[in-house]
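Coordinates in review
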Amino acid sequence: MNIAIDGPAGAGKSTIAKKAAGELGFIYVDTGAMYRAVAVYLTESDISASDEDLVEKSIADISVEIKYEDGAQQVYLNGENVTGKLRTEAAGNMASKASALPCVREKLLSLQRDLAASNDVVMDGRDIGTNILPSAELKVYLTASSAVRAKRRYDELVAKGAENIDIEKIEQDIIQRDKQDMERKTAPLKRADDAVLIDSSDMTIEQVTDTIVGLARERM
């Protein structure tokens, strides 16, 4: 069984997908982490996402792997564990730009589909239900207001010890990310016609997870 969870940045997709996968005994496939790994490579190689030819050449031979070690997901780029580099603002912004490039999407598409074909998976991203797993038995479009998503990101940064954080700038960045993701030519962010809409603005993580797990069990 395949479960596809799509939605904008900061909607809680990864957190909820992990919890739902754990409760159902499914494999969680973090597509966002895979794109962020490519973004780390491009950023550290000082390659601009606007130079598509160079991007295509540079990523031709890179490897991105998802492994589980002691129950925790680890992402490897060319054999190096880059999990700790994935959640930076720079990686997120580059991932948003790079994921619009057909060459980047094609690089990761076959790996994602192979995993879903041979396992029960929960996969989250921007175009899982519309493009990567169009035949998924359950599709969810998970969203929340930009203000709520900014507050969640603010709290996350504060918990990590960050200082002098501008929550208004965080919200503006989120709005800009949404615009980029929805207007890109290749596989834009949108709700699949048969996706269940869940607005998590006034819901807890547990409430959203319970809703998705309940829907999944109905369809098993």
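If you're wondering where the values come from, they're calculated on a predicted model, not measured in any experiment.

1. Focus on the domain arrangement of the protein chain
Here the domain parsing of the protein chain yields domain 1 (1–26 + 120–220) and domain 2 (32–87 + 95–118). On a C-alpha basis, the centres of domain 1 and domain 2 stand 19 Å from each other. The interface is formed by 17 residues belonging to domain 1 together with 14 residues belonging to domain 2. Across the interface of domain 1 and domain 2, roughly 1300 Å² is buried in total on both sides, 44% from carbon and sulfur atoms. Three residues, Ile132, Arg184 and Thr186, lead the burial of domain 1 against domain 2; their summed loss comes to 36% of the area buried on that side. Here domain 1 is connected to domain 2 by 2 salt bridges.

2. A look at the UniProt feature "binding site: ATP" (unreviewed entry) in the protein chain
The sites that carry the UniProt feature "binding site: ATP" (unreviewed entry) are, in the present numbering, Gly7, Pro8, Ala9, Gly10, Ala11, Gly12, Lys13, Ser14 and Thr15. Among the structural elements, Gly12 can be located in the loop between β1 (2–6) and α1 (13–24). By relative accessible area, Gly12 is classed as partly exposed at 25%. Residue contacts for Gly12: discarding those within four places in its chain leaves Leu142 and Arg152. Tracing the chain through its elements places Ser14 in helix α1. By relative accessible area, which is 24% here, Ser14 ends up partly exposed. In this structure Ser14 touches Tyr28, Asp30 and Asp124, once residues within four positions along its chain are discounted.

3. Side note on empty space enclosed by the protein
With the rule as written, the count across this model stands at 1 cavity of 30 Å³ or more. What lines the largest cavity is simply Tyr35, Arg105, Leu109, Gln112, Asp127, Asn131 and Ile132. Listed by contribution, the elements that provide at least two residues to the lining of the largest cavity are α5 (102–118) and α6 (128–132). Among the elements that take part in the lining of the largest cavity, α5 stands out by supplying 3 residues, more than any other. Of the residues in the lining of the largest cavity, the class split is 3 nonpolar, 2 polar and 2 charged. Here the lining of the largest cavity spans two domains, and each of domain 1 (1–26 + 120–220) and domain 2 (32–87 + 95–118) adds at least three residues to it.

4. Some points on the sheet that holds strand β2 (residues 27–30)
With parallel pairing, 5 strands are arranged side by side in an open sheet as β2-β6-β1-β7-β8. The open sheet is flanked by β2 and β8 (196–199), the only strands paired with a single partner. Pairs of neighbouring strands in the sheet enclose a mean axial angle of 20°, with direction left out of account. Both β1 and strand β6 (residues 121–125) contribute to a ladder of 5 bridges, which runs parallel. Following the sheet pairing, Ile3 is matched in β6 by Val122. Each of β1, β7 (138–143) and β8 is contacted by helix α9 (residues 205–219), which is oriented at about 165° to β7, the strand it contacts most.

Calculation rules
- The residue count restarts for each chain, going from 1 along the sequence in the order it is written.
- Two thresholds apply to this predicted model, a pLDDT of at least 70 for residue-level local features and 80 or more for giving and counting side-chain atom pairs, whereas whole-chain, interface and lining totals are computed over all residues.
- With hydrogens and water set aside, each side-chain value is computed from the structure's full complement of heavy atoms.
- Domain segmentation is taken from an automatic or database assignment of domains.
- When checking whether two residues touch, look at their non-hydrogen atoms; a contact exists if any pair is within 4.5 Å.
- The quantity reported as buried area is the accessible area (1.4 Å probe) lost by two parts once they are put together, taken as the sum for both.
- Put simply, a salt bridge is a Lys or Arg side-chain nitrogen that is within 4 Å of an Asp or Glu carboxyl oxygen.
- UniProt positions are given in the numbering used here, feature names are shortened, and annotations may be inferred rather than shown by experiment.
- What counts as a helix is a DSSP run of H or I of at least four residues, what counts as a strand is a run of E of at least two, and both are numbered from the N terminus.
- Exposure is judged per residue with a 1.4 Å probe applied to protein chains only, and the accessible area is read against the type maximum: over 50% gives exposed, under 20% gives buried, and values in between give partly exposed.
- Points on a 1 Å grid, built from protein atoms alone, make a cavity when a 1.4 Å probe fits but cannot get out and make a pocket when they are open with protein on both sides within 12 Å along at least 5 of 7 lines; residues with an atom within 4 Å of a point are the lining residues.
- Grid points are joined across faces, edges and corners, and a volume is the space filled by probe spheres set on the points.
- For this scheme, ten residues count as nonpolar: Ala, Val, Leu, Ile, Met, Phe, Trp, Tyr, Cys and Pro. Four count as charged, namely Asp, Glu, Lys and Arg, and the remainder, Gly too, count as polar.
- The criterion for strand pairing is that DSSP finds at least two bridges linking the strands in question.
- All axes are obtained by fitting lines to C-alpha atoms, using only the stretch in contact for helices, and the reported angles, taken between N-to-C directions, cover 0 to 180 degrees.

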